[in-house]
Structure formats: C-alpha cells, structure tokens
Amino acid sequence: HLYCIGRPLDSIQKELEATVPVLAQLKQDDSKMRLLIVLSTVKKLRGVDAGNADKILDSTLTTAASGDVVALSAFVNLMKLEVFVFFQHWREAIDLVQNAGDVRLFVRGTFSAVRYTFLEALTYLKAAKSASGWKKRQMKKSARNTIQIIRDWAKKGNVNVVHYLHILEAELAVLNGKNNNAKDKFKVAIITSSRNGFLQDRALAHELASAYFKAQGD
C-alpha cells in the first residue's frame, strides 16, 4: 500500500496513473478498479480534481453495493475513511464506521484490515470526545476494544503498528484528561512514525497534537 508506507502523494499519483493503462491493456479489470479507487483517494487528499474523485468513489460504492461485492465496498469505505480522518471530518467518519459494517471481515489478511482498524479506533476516540452520557461510554468502549486488537498485534511483534498504538494512546489520554501522558504519547508517536518512515502518519500525529495543544491553549 504505497500511501501507508510513506511515499509522497505526488509520487504515488504518478505511478498509479502510469499503471492504470497497463492494467487496462492486460484486461486486469479488478486490479484496475482498485487502483482507480486508490488514485481517486490520492487526488482527493492532494486537492486535485477532488469533485471527480468523489464521483468515482461514490459510483464504485453504489455499483459494489448493488452487485453485493462486499470486498470492493469494504475497500472503498476504507479509502473514504482515510480521507475523512486526513481532513479530520469526524462526524462523517463515525457515520461511515457505524454504517459500513465489519470491514475487517472482508479485507482480512491484508494490510487494509490493519489500516482500517487504526482509523476505526481513532474515529471512535474522537466520537467519544464529542459525545456525552451513554453515547460517550459506548464510543469509548468501542475504541478500547479496537485498540486492544492493535495492542495484541504489537505484542506479537508487528512493528508496523507500533506508531498506531502511540497515536491512539495519546488520544485516549486526551479523552481521559491525562494531559502529561497525552503530551508524552504524542511526542513518541511523532518520533516513531518518522523513524519508521510513515510520513503520512507523522503528519497526522502532528495535526492531532496541534489540535490538542490548541484546545489546551498551549
């Protein structure tokens, strides 16, 4: 997954645009469709032809739903969630998470499942922060359950999720009002994302930390 390993977005776009025609010539329609989904997502993240990118993602999701192609629906929902989190559109993100079903079930065994789990946990944490009463407790419980999945992967030696865990633990500390812990976790999240080459996640950690410090008046 070119985005998740930290390639610059413009580099990813150029490679995908060069690959799509090749797949079309080879009649690799399924692979071409997935690359078009990723290409549309990258363009939207870059602010390039965002309107057309939205149309492609939405039409693909509609086509997948009408044909009961659940794996394709799950992949589109992952890409849409990526965009919502990137731009910190948390209301849209939680709506997607709650309506998309168990995406992990249909992308099991791929890095997409890992990525979705991280984005899902982060979305639950943000939803809990803006909620109250039983809704807040529900969102926080869902966040903790999803974080535990990532924590288990880290314990089993998956080094590619360690920075995810630091980001999520920072946001959990924010939710619990543990300000000193939150600051430490954000710092570690940024360092770990940078050291391991996850450029997009380093940027995300910076953005989340910035939002936190701004809310604190710091």
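Let us look at the structure shown here. Small disclaimer: the values here were computed from a predicted structure and weren't measured.

**Brief notes about the packing of aromatic side chains**
And step 1. Following the criterion strictly, the structure yields four aromatic pairs and no others.
And step 2. Both rings, one in F186 and one in Y212, keep their centres 5.8 Å apart while their planes meet at 35 degrees; by these two values the pair is tilted. Remark: Y212 occurs in helix α11 (residues 199–216) and F186 occurs in helix α10 (residues 179–195); sequence separation between them is 26 residues.
And step 3. When its relative accessible area of 2% is taken as the criterion, F186 is described as buried.
And step 4. A connected cluster of aromatic rings, assembled from ring pairs, spans F186, Y212 and F213.
And step 5. Above the plane of the ring of F75 lies R34, whose end atom (NZ or CZ) is 4.6 Å from the centre.

**Some points on the nonpolar core**
And step 1. Residues L81, F118, L122 and L168 are the most contacted members of the largest nonpolar core, which totals 61 residues.
And step 2. Sequence-distant contacts of L168, that is, excluding residues within four places in its chain, are made with F118, A121, L122, L125, I147 and I150.

Thresholds, definitions, all that
- Residues numbered from 1 in each chain as written.
- Predicted model: local features only at pLDDT ≥ 70, side-chain atom pairs only at ≥ 80, totals over all residues.
- Heavy atoms only, no water.
- Phe/Tyr/Trp six-rings, centres within 6.5 Å; stacked < 30°, edge-to-face > 60°.
- Helix = DSSP H or I, 4+ residues; strand = E, 2+ residues; numbered from the N terminus.
- Buried < 20%, exposed > 50% of the residue type's maximum accessible area, 1.4 Å probe, protein only.
- Lys NZ or Arg CZ within 6 Å of the ring centre and 35° of its normal.
- Core = buried A, V, L, I, M, F, W, Y, C linked by side-chain atoms within 4.5 Å.
- Contact = heavy atoms within 4.5 Å.

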